[in-house]
Amino acid sequence: MEMNLRDKIVVIAGGSKGIGYACAEAFAAEGARVALVSRSQANLDAALARFPTSRHAPLIIAADMTRSADAERMVAQVEQQLGAIDVLVNSAGAARRYAPADLNAQAWHDAMDAKFFSAIHPTDAVLSRMIARKRGAIVNIIGMGGKVASPVHIPGGAANSALMLATVGLAAAHGGNGIRINGINPGGTLTGRVQEGLKAEAKMTGLAEAELLARNQARIPLGRLGSPEEVARVAVFLASDQASYVTGAIIAMDGGQGAVI
């Protein structure tokens, strides 16, 4: 299946590790020119060092997407150095998980910064440019925590829900401008966040992390956690011409665990 992404300019916010890094490799494999964005210069340097040498070397930019000024600077830098942005993938930020007894006001604010505003700021920064060009695609990596409540992921789940609504709402608002906006809701995926979630759940339940992991996988109809590469392949499809009539969609990728519509 030809994705028609060769030489497209793709920004991956949160592209230095996890699902974001997997997206960067997947887009580069299709011939796209990729910019990786992360708050951590060290993480960016590590990502660049392991990036396949057979692909175009990515542009790396250290910027904090929870700050609107950083997002504006990032977009301007990408367009100056690579050209007009065709695709934005928002994978930056991950809200911390807490045992319910540890929740406080700051936890709620931090979750919105980490998961909602880290996507809204780069979206705002690129939208006016995409509108002027009458083309563009945005893919938000969100999370099933916004549809299925977890007692250790309440602030993060609320931020995910807000981002789902923004995804669908902006898609409806800007379809007439030639812009498609979609979301992916990964469930349990083999990234560092899994360990953080297990630690919070272990604190709440008193069970060992290994036992909790085995129990979690047993509850998934497909019997395993997903991989970042599997999520990345769907992101590539949604950004490609093959999904030219798909916008405002939120795609669940949880192995069938969240039996919701």
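For clarity, every value in this text was computed on a predicted model and none was experimentally measured.

Procedures and definitions
Residues numbered from 1 in each chain as written. Predicted model: local features only at pLDDT ≥ 70, side-chain atom pairs only at ≥ 80, totals over all residues. Heavy atoms only, no water. Helix = DSSP H or I, 4+ residues; strand = E, 2+ residues; numbered from the N terminus. Salt bridge = Lys/Arg side-chain N within 4 Å of Asp/Glu carboxyl O. Buried < 20%, exposed > 50% of the residue type's maximum accessible area, 1.4 Å probe, protein only.

Points about unusual backbone geometry
- Notably, Asn4 is not glycine yet its phi reads approximately 55 degrees, a positive angle.
- Along the chain, the position of Asn4 falls in the segment before strand 1 (9-13).
- Of note in the backbone geometry, Asp7 takes a positive phi value of approximately 65 degrees without being a glycine.
- Summarising the element assignment, Asp7 is placed in the segment before strand 1.

Here's the deal with the pattern of salt bridges
- Evaluated as defined, the whole model comprises nine salt bridges.
- For the salt bridge of Asp70 with Arg73, the shortest nitrogen-to-oxygen distance reads 3.8 Å. Here the residue Asp70 and the residue Arg73 both occupy positions in helix 3 (residues 68-81), the gap between them amounting to three residues, near one helical turn.
- Look at Asp70 and you get buried, because its relative accessible area is 16%.
- Its relative accessible area of 38% is what places Arg73 among the partly exposed residues.
- A salt bridge links Lys199 to Glu209; the nearest nitrogen and oxygen atoms lie 3.7 Å apart. One end of the pair, Lys199, is in helix 6 (residues 192-205); the other, Glu209, is in helix 7 (residues 209-218), and ten residues separate them in sequence.
- Its relative accessible area of 26% is what places Glu209 among the partly exposed residues.
- In this structure, a network of salt bridges that share partners links the residues Glu79, Arg129 and Arg133.

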